[in-house]
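The residues making up each chain are set out below.
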Amino acid sequence: MPRVNVSWIITVLAVELATLSAAHAHSCHEVKTAFQVRQIGQLKWVPETPATDVDLSICKHAGPSCCTRRMEESYRAAVLRDTTQNIRSYSFELKYLISAHAIAFQDTFQSLITFSQNHLTSLFETTYSSLMSSISPHIVCLFTDLSRFLQGTGNVSVETAVHCFFDSLFPLVHTRIVNPGMAGSIGEDSSDANQFGDCLRMTRQDVNPFGPHPKAMADTLVSALRAGRVLSLALGVGLEVMNITDTAELSKECSRALVRMHYCSHCRGLTLIRACSGYCLNVMRGCLASLSELHNPWRQYVTVLQDLTHIVAGAHNLELALLGIRGQVEEAILYAQLHGPRLTATVDKVCGHSSNASSTTVRTFPPTAVTPPPANSSQDVPGADKIGMLARLHREFTGYISRYKSFFSILPEALCEGEMGVDELMCWSGDDVVKSYTARVVGNGVRAQRQNPEVRVRVADPVLMDIKNKLELFNMEIQEIMPGVGHRESWDETGSGESSGECDDEDGCEGSGESVASPTLTEADVSKKAVKVSFHDSPITQNTSSSDASLSMASFIIIILALGLHWSF
């Protein structure tokens, strides 16, 4: 039986495979498939075979190309669309976190306002029923002003609202509780009653019928509500920052670099090769240089948010301040009752009427004046389920927001890790297939891009620089009106555009969660320094399917030849 020359067979097979490979190399079929699958443009724009005389502006090289100028334009539009969508997908979670908690905090504030209003109303309904019909409009007015202050709408003063309420309460307490029957003797609708009531209202702070309670109540509410108001404004600032960054446009130089990174390999028929990780970082840091400038002010802004939520839900708890209104009002009325003789004598001197109207009246406390409300009455008041909600929101929000302190500095890396940059044996460098990217990898920020070999950054985006300045101004104003807020970290780090050296992506300086004492400022500071700006440290990754490993035709031929050399004949 004749022996089979295996070496000859392998040689013939290798030649056939090489011929098939060469024929396949002169086809743009895979390029056309990728063009269709990624919905880049019309298939008629993709040639059937590579051409050598193509006038390309981005993906230039000496050999034949499967690309045309029309395809380059389509690639450019597609890469801008996809990159913008990727950036928005990463920022969406942060944007939703801020917006959802802004609504949650405001909803909780308003529920507490409603609960406290009903709680105070129940005091007059059950204990001081003779005052209820007259004091009811003033209760509504007080809590309306408190609500508007928390929402940041209108020029509202908490201190003024509190004193206005006690001004209106004084005539009622004096004529119906301290001097019962006095209102009937002078006639509630008479001109004398109106003049007497006006006199009591105007002189209430001088007469001081309620002792220290009005001022104590005003000081407590100013301190607690100021933090709530500033927190609402701060969350609005964060939303404005995210909205503006979402609409920031990528530059022309950036779009050209993105086409080179994503699609210039397609022009050579290499549709599965991925960009080198270092190459991807240079491209994305160049494209997002202006966005990275927000790192330092944003990091401080997040610390401000953490401190504000701690103040709202911590030692100067907004819940305790609002729920304490009923107790302060009740103590104020009891104070007036206990000091009735001195109070009446003072009123006689200032406004008259009292001695004439009540000289034969024995001042006794009505039995209902000191009757406590039912023990479970608070559970029947709408909004009682919100008690304790601020503490839960504080824990939840600060836990989540701390992950985003370095959002703007790690965004380029997140984009590369999530979809673009892949560590493989071979990768795309923008010009060729290489084992590793050897060019310098620059840091974040505009200044660092002077050394970027892939993207030329001429100037910072004026829109993003404007929002950076507004965010810095906001942080400064908060620290002026509330000293101590936002100072839990050192701000001498250079992780943003202030850096002129290499990249430093590790930001391990998260807030420690230590307590922050609420500053002892007056409410006037908030009005005087009214904020006019309307407005993870862990890497963010997306799960994407890894690319299928492909065995080149040349590698297959080498394997066949190697097997032939070890074949025993």
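Residues numbered from 1 in each chain as written. Predicted model: local features only at pLDDT ≥ 70, side-chain atom pairs only at ≥ 80, totals over all residues. Heavy atoms only, no water.

**Brief notes about the state of the cysteines**
Thought 1: Across all of its chains, the model carries seven disulfides by this definition.
Thought 2: Cys67 shares a disulfide with Cys267; S-S distance 1.9 Å. On the sign convention where negative is left-handed, the bridge of Cys67 and Cys267, at about -95° about the S-S bond, is left-handed. Of this pair, Cys67 sits in the loop between helix 2 (29-37) and helix 3 (69-126) while Cys267 sits in the loop between helix 9 (252-262) and helix 10 (277-287); the two residues are 200 residues apart in sequence, bridging distant segments of the chain.
Thought 3: For Cys199, the disulfide goes to Cys351, at an S-S distance of 1.8 Å. (Disulfide = S-S within 2.5 Å. Helix = DSSP H or I, 4+ residues; strand = E, 2+ residues; numbered from the N terminus.)

**Some words on the packing of aromatic side chains**
Thought 1: This structure, assessed with the given rule, holds 15 aromatic pairs.
Thought 2: Residues Phe124 and Tyr128 carry aromatic rings whose centres are separated by 6.2 Å and whose planes lie at 55° to one another, so their mutual orientation is tilted.
Thought 3: Of the residues examined, Tyr128 reaches a relative accessible area of 3% and is grouped as buried.
Thought 4: For the ring pair Phe407 and Phe408, a centre distance of 5.1 Å and an interplane angle of 80° mean the geometry is edge-to-face. Of the two residues, Phe407 and Phe408, neither departs from the other in class, the shared state being buried.
Thought 5: Here the aromatic residues Trp298, Tyr301, Tyr404, Phe407, Phe408 and Phe474 are joined through ring pairs into a cluster of three or more.
Thought 6: Sitting over the ring of Phe149, Arg229 keeps its end group 4.7 Å from the ring centre. (Phe/Tyr/Trp six-rings, centres within 6.5 Å; stacked < 30°, edge-to-face > 60°. Buried < 20%, exposed > 50% of the residue type's maximum accessible area, 1.4 Å probe, protein only. Lys NZ or Arg CZ within 6 Å of the ring centre and 35° of its normal.)

**Regarding the confidence of the model for the protein chain**
Thought 1: Overall, the prediction assigns the protein chain a mean pLDDT of 77, with 71% of residues at 70 or greater.
Thought 2: For residues 355-379, every residue scores under 50 in pLDDT, and the model assigns this stretch 28 contacts once sequence neighbours within four places are set aside.
Thought 3: For the stretch residues 490-569, pLDDT sits under 50, and the model shows 172 contacts to residues farther than four places along the chain or on other chains. (pLDDT = per-residue confidence, 0-100. Contact = heavy atoms within 4.5 Å.)

**What about the packing of helix 3 against helix 8 (residues 213-246)?**
Thought 1: With their axes 10 Å apart at the nearest point, helix 3 and helix 8 run at an angle of 155° to one another. By the angle class used here, helix 3 and helix 8 are roughly antiparallel. When you trace helix 3 past helix 8, the crossing you get is left-handed. Along the contact surface, helix 3 presents Arg88, Ser91, Leu94, Lys95, Ile98, Ser99, His101, Ala102, Phe105, Gln106 and Phe109, while helix 8 presents Gly228, Leu231, Ser232, Leu235, Gly238, Leu239, Met242, Asn243 and Asp246.
Thought 2: Counted by class, the contact of helix 3 with helix 8 contains nine nonpolar, eight polar and three charged residues. (Axes fitted to C-alpha atoms, helices over the stretch in contact; angles between N-to-C directions. Parallel < 35°, antiparallel > 145°, perpendicular 65-115°, else oblique. Left-handed = near helix turned anticlockwise from the far one by under 90°. Nonpolar A, V, L, I, M, F, W, Y, C, P; charged D, E, K, R; others polar.)

**Comments concerning unusual backbone geometry**
Thought 1: The phi angle at Gln39 is positive, at roughly 55°, despite the residue not being glycine.
Thought 2: Topologically, Gln39 is positioned in the loop between helix 2 and helix 3.
Thought 3: You can call Gln39 exposed: its relative accessible area is 63%.

**A closer look at the side chain of Thr271**
Thought 1: Looking at the secondary structure, you find Thr271 in the loop between helix 9 and helix 10.
Thought 2: For Thr271, a relative accessible area of 12% translates into the label buried.
Thought 3: Excluding residues within four positions of it along the chain, Thr271 makes contact with Glu30, Val31, Ala34, Arg38 and His266.

**Comments concerning the nonpolar core**
Thought 1: If you look at the biggest cluster of nonpolar residues, it comprises 135 residues, and the most contacted ones within it are Phe124, Leu146, Leu169, Leu221, Leu225, Trp298 and Val329.
Thought 2: In terms of residue count, the dominant contributor to this core is helix 3 (16 residues).
Thought 3: In contact with Leu169, other than residues within four places in its own chain, are Phe124, Leu131, Ile135, Phe210, Val329 and Ile333. (Core = buried A, V, L, I, M, F, W, Y, C linked by side-chain atoms within 4.5 Å.)

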